[in-house]
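Observations on the three-dimensional arrangement
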Amino acid sequence: MTKTMTQLDVLEAQSVYILREAYRSFKQLVMLWSIGKDSTVLLWLARKAFFGHVPVPLMHIDTGFKIPEMIQYRDTFALKWKLNLIVGQDVEALEHKHTFPDGNLSRLVCCKRLKSETLKHTLSGEWPRWALNHKTGAYERQDGGEPFTGVIVGARADEEGSRSKERYFSPRDTHSEWDIAEQPPELWNQFNTDFAPGTHVRIHPLLDWTELNIWEYIERENIPIIDLYFDKGDGKRYRSLGCAPCTGPVDSTAQNVREVIEELRSGKFSNIAERSGRQQDAEDGGGLETLRREGYM
Amino acid sequence: MSTVLESQMIKNGTQGAQKMNIVIIGHVDHGKSTLIGRLLADTQSLPKGKLEAVKAQCAYHARPFEYAFLLDALKDEQSQGITIDSARCFFKSKKREYILIDAPGHIEFLKNMISGAARAEAAVLVIDAHEGVQENSRRHGYLLGMLGIRQAIVCVNKMDLAGYDRRVFERIRSEFSAFLTQTGIAPRHFIPISARDGFNVAAAGDAMPWYDGPTVLEALDGFEKEPPRVGQPLRLPIQDIYKFTEQGDNRRIFAGRIETGTLRVGDAVVFYPSGKRSTIASIEAFNAPPVHEATAGEAVGVTLREQVYVRPGELLVRTDESPPATARQLRVNLFWMGREPMIFNKRYLLKLGTARAPVWLRQIRTVLDASELTTERNRRHIQRHDVAECVLETLKPIAFDPTAEIAQTGRFVLIDNYHIAGGGVVLQAESNAADRLSEHVQQREKSWRRSRITPLMRSYRTGQRSTLVVIAGPPQTGKAALAQALEEKLFAAGRQVYYLGLDNSLLGMDEDISRNYLRDEYLRRLGEVAHVFTDAGMILITTVSDLDSYELQVLRTLNHPGENLIIGVGAHGLAAADVDLKLNVPLNPSEAAGQVANLLTERHYLPEYYL
Ligand SMILES: Nc1nc2c(ncn2[C@@H]2O[C@H](COP(=O)(O)OP(=O)(O)OP(=O)(O)O)[C@@H](O)[C@H]2O)c(=O)[nH]1
Ligand SMILES: [Mg+2]
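Definitions and limits used
- Throughout, a residue's number is its position along its own chain's written sequence, starting from 1.
- Chain letters and ligand numbers both follow the written order, the letters beginning at A and the numbers at 1.
- Local features in this predicted model are restricted to residues whose pLDDT is 70 or higher, and side-chain atom pairs enter the listing and the counts only when it is 80 or higher, whereas totals over whole chains, interfaces and linings include all residues.
- Each side-chain value is worked out from all heavy atoms of the structure, with water and hydrogens disregarded.
- Segment limits for the domains were obtained from an automatic or database-derived domain assignment.
- Between the rings of Phe, Tyr and Trp (Trp by its six-membered ring), a pair exists once the centres lie within 6.5 Å; its type follows the angle of the planes, with under 30 degrees stacked, over 60 edge-to-face, and the other angles tilted.
- A run of DSSP states H or I qualifies as a helix once it reaches four residues; a run of E qualifies as a strand once it reaches two. Both are numbered from the N-terminal end.
- Partly exposed residues are those whose accessible area sits between 20% and 50% of the maximum for their type, while under 20% is buried and over 50% is exposed, using a 1.4 Å probe and protein chains only.
- Put simply, a charge is over a ring when the Lys NZ or the Arg CZ is close to the ring centre, within 6 Å, and near the line of the ring normal, within 35 degrees.
- Should any heavy atoms of two residues lie within 4.5 Å, those residues are counted as being in contact.
- What gets called buried area is simply the loss in accessible area from a 1.4 Å probe that two parts show on being joined, summed for both.
- Within this document, salt bridges are pairs made up of a side-chain nitrogen of Lys or Arg and a carboxyl oxygen of Asp or Glu, the two lying within 4 Å of each other.
- In protein, a polar contact requires one atom able to donate a hydrogen and another able to accept it; more generally it is a pair of N or O atoms within 3.5 Å, and residues adjacent in sequence count only if both atoms are side-chain atoms.
- Here the axes come from fitting lines to C-alpha atoms, over the contacting stretch only for helices, and the angles between their N-to-C directions go from 0 to 180 degrees.
- Each crossing is labelled by how the near helix is turned from the far one, with a counterclockwise turn of less than a right angle marking it left-handed and a clockwise turn marking it right-handed.
- In this classification, Asp, Glu, Lys and Arg are treated as charged, Ala, Val, Leu, Ile, Met, Phe, Trp, Tyr, Cys and Pro as nonpolar, and every other residue, Gly included, as polar.
- Working definition: residue near molecule or strand if any one of its non-hydrogen atoms lies within 4 Å of it.
- Only the protein chains shown count as cover for residues, and all accessible areas are computed by the Shrake-Rupley method using a 1.4 Å probe.
- We call two strands paired when DSSP finds no fewer than two bridges between them.

Many authors give the size of an interface as the accessible area that is lost as the parts come together. Examined at the domain level, chain B breaks down into domain 1 (2-221), domain 2 (230-318), domain 3 (326-433) and domain 4 (451-610). Relative placement of domain 1 of chain B and domain 2 of chain B: their C-alpha centres are 41 Å apart.

Set out below in structure tokens:
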């Protein structure tokens, strides 16, 4: 009579457990939402964990170069699901054109500045945050926000080398840096939920999920996912989403979730890294390690 | 035949069978990462260009290719040729999917090995045929048992360096079997392999015709998935209690993951350690059909028929099944990973199930060197990498199961200086160790330098007997106003009285978690301060929100031999026997102060008092 849990059930239960543990432990908790498939699944898992509610604010780091559909999708669902959404942006860099698309920075330095640095300062509250007003649909500038001490992130261990060494709860020092050799241990289902003043903890509920698991879960739960992931007739789709100038689509005719799953199962991409469309990785020797040590997600 | 199986599996995808987590452990440099790299390469599990890319990179840097580089992704790892942190790799055999956890072998990174192994259901222990059984081969082997891993195989690696000699293999097998037997682990197979050359890894090869057992790949597929723990009594540690009233949702949901057993709507349940009882009204879920039953492994939320007030950290069980143990003193077996040793008289934080509680080391019974299985007695502290049997003490009872009965609710970690520094299993409740605070007070009374002024002399001078007046009750019930009114009244009557008004700012309801952990420290200081005041012949008035019986006991113990008068306001939550005077809310401060003053007179604290 007892049902056996499927692999997706097991993954879901673990992620829900981690989200609840984070919510219980961190008063200043935030969840990063990149609009991509992983963090959207994470958002869905939060609705699972909190029985339809999302009691944690979401943060989107908008480099100003995101694919336009992403912003549209973000705003639609933020209103629909009543999300407490905060946006962070390096307005100064954009104003002074200190960016790669403007021809003034390398991809890697641009990524570091518009994403890692912006994230760091928006999390700490040193930089302004733009909060969505659900009545007007507009974003309102807020200054002097409290620093966030718990940051939920959708990283998966199968993405690339350094992510395979992450913990579910990973303390970061006062400079947001990741000291890999000095990570505290994590045992059974007990996590490092305590943190010294000035430090914060990154929380990774999706660590055990693979790209295929993500898509299977999207299908099972019928999660509305942004359609940039699907071919719309030109034989191309995105496999990983980022900034327009540094993210390329892959050749694929998958037009819906089912076809994406079929494609992944067929092994079509088994010889191509998921982030191969993301050109900043190549500049980092393919490892992302340097970026991640310094606070990249 | 096998292709049919394979395509079957691909069709079903990963929604079906669960992944199996396997950890690869052993002494430094014995070839763990190489074994995994080789396994991935030989089963075509690597992204197609990956092997060539790593080979090309090695050629470019003019260093020999290592299969280990496929795993050791960190720059420091590659330059030092060592694994620093456990890596997870996803791997698929014809039978099922795996997460292989590549643990580091260097003692410096033992905490990383333990983090990796604690996630595993089975282990592969790798031993270098040339170097033989080494310190960390044994230490890792011993820790498996404590981590709760019951299934293991042993690979005797680098057989090429031993000329594929069967005698070398047999010698290591008998030596290591003997060791493992003492730790209660019986490996299913010993497999002679050459990870570098791939013999007996994914395929047998022709180097060791004398061996007819399984390859590593076959042995992995032979591990059994642990059945869900539904046969055991229900254990649901309460992680949190939600009520999203602002979103128009009035459900009061108790959330947590079922560790063992089965839960059904209508079950009569009891929370431990509080002992509160209720009945399951519903099992809640978002975007899922309603269910009437949930079992081990599920992260659930339930509502109750009769509302009870409990905090996160309690253990929910069924009344028709065996209850957990509750105790303040636990006999445990723990291993320590902190840089600072574990010492007496230091406050640590215990996490067991979903409970979090301050804890102190009370006794060290034996300390074990896990690599030699030699024990030491009479140690005063527990050092990094020690395994120790000891006694821990909390302030309030904690609910658990002895590890031999239910592993999931019998294991814990210890936090030192914000980080997990130790982990272990509870053997049983301890009943023989002296209570920590009583022992402290005994010591304190012994070493306290007494003046020649006796309590009696003070009483003559002040015309009163000293006492501590504790006003307890829920927050925002006018306790402070009462305390002030009482102080004024007694002061006006010429009494030696002082109101210590720290409560609400320090102990308010909206304090954050880290301050919550410090509540016990606040109470300790309050108790010590009260002792000085009562010893000095004063009447000390203080207020504490949500004081429970155990906390009150802390105050009483520390204030000893001073006396106490406990005023319970509103729904104070203390046992009736603990309270000397119960006052109803709303309070009229001066009227209530009069009642307390009368009681003080009645009890002869204010012998000459009259209104
Ligand atoms: N001759 C020979 N050398 C091997 C074999 N397996 C591994 N090695 C070598 O042993 C060395 C250590 O191998 P690793 O796989 O890095 O060892 P490890 O156990 O992962 O080491 P740590 O993770 O640092 O504990 C490397 O130089 C390997 O090439 C083998 O079967 N034969
Ligand atoms: Mg290694």
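After that view of the structure, there is still more to cover.
A word on the packing of aromatic side chains. Between two aromatic rings, the relevant description is the distance of the centres plus the angle of the planes. Evaluated as defined, the whole model comprises 26 aromatic pairs over all chains. Their ring planes at 55 degrees and their centres at 5.4 Å tell us that A:Trp44 and B:Phe286 sit as a pair that is tilted. Of this pair, A:Trp44 sits in helix α2 (residues 37-49) while B:Phe286 sits in the loop between β11 (277-284) and β12 (293-295), each in a different chain. An identical accessibility class is assigned to A:Trp44 and B:Phe286; each is buried. An aromatic cluster is built from A:Trp33, A:Trp44, A:Tyr73, A:Phe77, A:Trp81 and B:Phe286, whose rings are joined through pairwise contacts. Above the plane of the ring of A:Tyr17 lies B:Arg257, whose end atom (NZ or CZ) is 4.4 Å from the centre. When the ring centre of B:Trp360 is taken as origin, the NZ or CZ atom of B:Arg436, which lies over that ring, is 3.4 Å away.

All names here are of chain A. Entries for chain A in the domain assignment read domain 1 (7-210 + 286-293) and domain 2 (213-280). Listed as interface residues are 38 residues of domain 1 and, on the opposing side, 27 residues of domain 2. Carbon and sulfur atoms supply 63% of the area that domain 1 and domain 2 bury against each other, a total of about 2,900 Å² over both sides. At the junction of domain 1 with domain 2, the criterion picks out three salt bridges. Between Arg 220 and Glu 12 there is a salt bridge, with the nearest N and O atoms lying 3.2 Å from each other. Counting every contact that joins domain 1 to domain 2 gives 11 residue pairs in polar contact (both at pLDDT 80 or more). Elements with a contribution of two residues or more to the side of domain 1 that touches domain 2: α1 (7-25), α2, α3 (68-80) and α5 (107-124). In terms of residues, the side of domain 1 that touches domain 2 owes the most to one element, α2, which gives seven residues.

Below, the discussion takes up the packing of helix α14 (residues 519-535) of chain B against helix α15 (residues 549-559) of chain B. All names here are of chain B. Relative to each other, α14 and α15 sit at 35 degrees, their axes nearing to 8 Å. Of the two possible hands of crossing, α14 and α15 adopt the one that is right-handed. Residues Arg 519, Leu 523, Arg 524, Leu 526, Gly 527, Glu 528, Ala 530, His 531 and Thr 534 of α14 form the contact with α15, whose participating residues are Glu 551, Leu 555, Leu 558 and Asn 559. Looking at the contact of α14 with α15 residue by residue, the classes come out as five nonpolar, four polar and four charged.

Residue and element names in this part refer to chain B. As a matter of local geometry, ligand 1 sits amid 19 residues, with Lys 32, Thr 34, Glu 66, Thr 83 and Asp 160 nearest to it. For ligand 1, an oxygen atom lies 2.8 Å from a polar atom in the backbone of Ser 33. Coverage of ligand 1 by the protein chains reaches 89% of its 650 Å² of free accessible surface. It is helix α2 (residues 32-42) that contributes the most residues to the shell around ligand 1, three residues altogether. For the shell around ligand 1, the class distribution of residues is five nonpolar, eight polar and six charged.

Residues and elements named next belong to chain A. One open sheet accounts for eight strands, arranged β5-β4-β3-β2-β1-β6-β8-β7; its pairing is mixed. Lying at the two open borders of the sheet, with one neighbouring strand each, are β5 (139-142) and β7 (169-172). The average undirected angle you get between the axes of adjacent strands in this sheet is 30 degrees. Here α5 sits on the sheet in contact with β1 (29-32), β2 (58-61), β3 (85-88), β4 (129-132), β6 (150-152) and β8 (200-203), set at roughly 145 degrees to β2.

This paragraph deals with the pairing of strand β13 (residues 299-304) of chain B. A regular strand places its side chains so that they alternate between the two faces of the sheet. Residue and element names in this part refer to chain B. Among the six residues of β13, five are classified as buried, and the element is accordingly described as predominantly covered. Two strands pair when backbone bridges link them, and strand β8 (residues 253-257) and β13 are joined in this way by four bridges, in the antiparallel orientation. Each residue of the ladder has a partner; that of Gly 256, found in β13, is Val 300. Examined bridge by bridge, β11 and β13 share four bridges and lie antiparallel to one another. Following the sheet pairing, Ile 280 is matched in β13 by Leu 304.

Our next topic: the environment of B:Phe176. All names here are of chain B. Within the secondary structure, Phe 176 is located in helix α7 (residues 166-183). Judged by its relative accessible area of 0%, Phe 176 is buried. When the C-alpha atoms of Phe 176 and Arg 436 are compared, they prove to be 42 Å apart, with 260 residues separating the residues in sequence. Dropping the residues within four chain positions of it, Phe 176 is found in contact with Leu 125, Ile 127, Val 133, Ser 137, Arg 138, Val 154 and Phe 190.

We now examine the sheet that holds strand β7 (residues 236-242) of chain B. Around the barrel, six strands lie side by side as β7-β8-β13-β11-β10-β14 (chain B); this closed barrel has antiparallel pairing. Averaged over all neighbouring strand pairs, the angle between strand axes comes to 50 degrees, with direction disregarded. Two strands pair when backbone bridges link them, and strand β10 (residues 268-272) of chain B and strand β14 (residues 315-318) of chain B are joined in this way by four bridges, in the antiparallel orientation. Within β14(B), the residue paired with B:Phe271 across the bridge is B:Leu316. Contacts from α1(A) reach β7, β8 and β13 of chain B within the one sheet, and its direction differs from that of β7(B) by about 55 degrees.

Our focus in this paragraph is the interface of chain B and chain A. Taken together, the contact between chain B and chain A spans 88 residues of the former and 72 residues of the latter. When the two sides are added together, the surface that chain B and chain A hide from each other amounts to roughly 6,700 Å², 52% of it contributed by carbon and sulfur. Scanning the region where chain B abuts chain A turns up two salt bridges. A salt bridge links A:Glu21 to B:Arg356; its shortest N-O distance comes to 3.0 Å. Counting the contacts that link chain B with chain A gives 24 residue pairs in polar contact (both at pLDDT 80 or more). In terms of residue class, the side of chain B that touches chain A is built from 40 nonpolar, 23 polar and 25 charged.

This part takes up the pairing of β4(A). Residue and element names in this part refer to chain A. Covered by surrounding structure in β4 are Arg 129 and Ala 131 together with Trp 130 and Leu 132, the residues of both alternating faces. In terms of strand pairing, β3 meets β4 through two bridges, oriented antiparallel. Looking across to β4, one finds that Val 87 is bridged to Trp 130. Linking two consecutive strands that pair antiparallel, namely β4 and β5, is a turn of six residues; a positive phi of about 80 degrees is found at Gly 137 within it.

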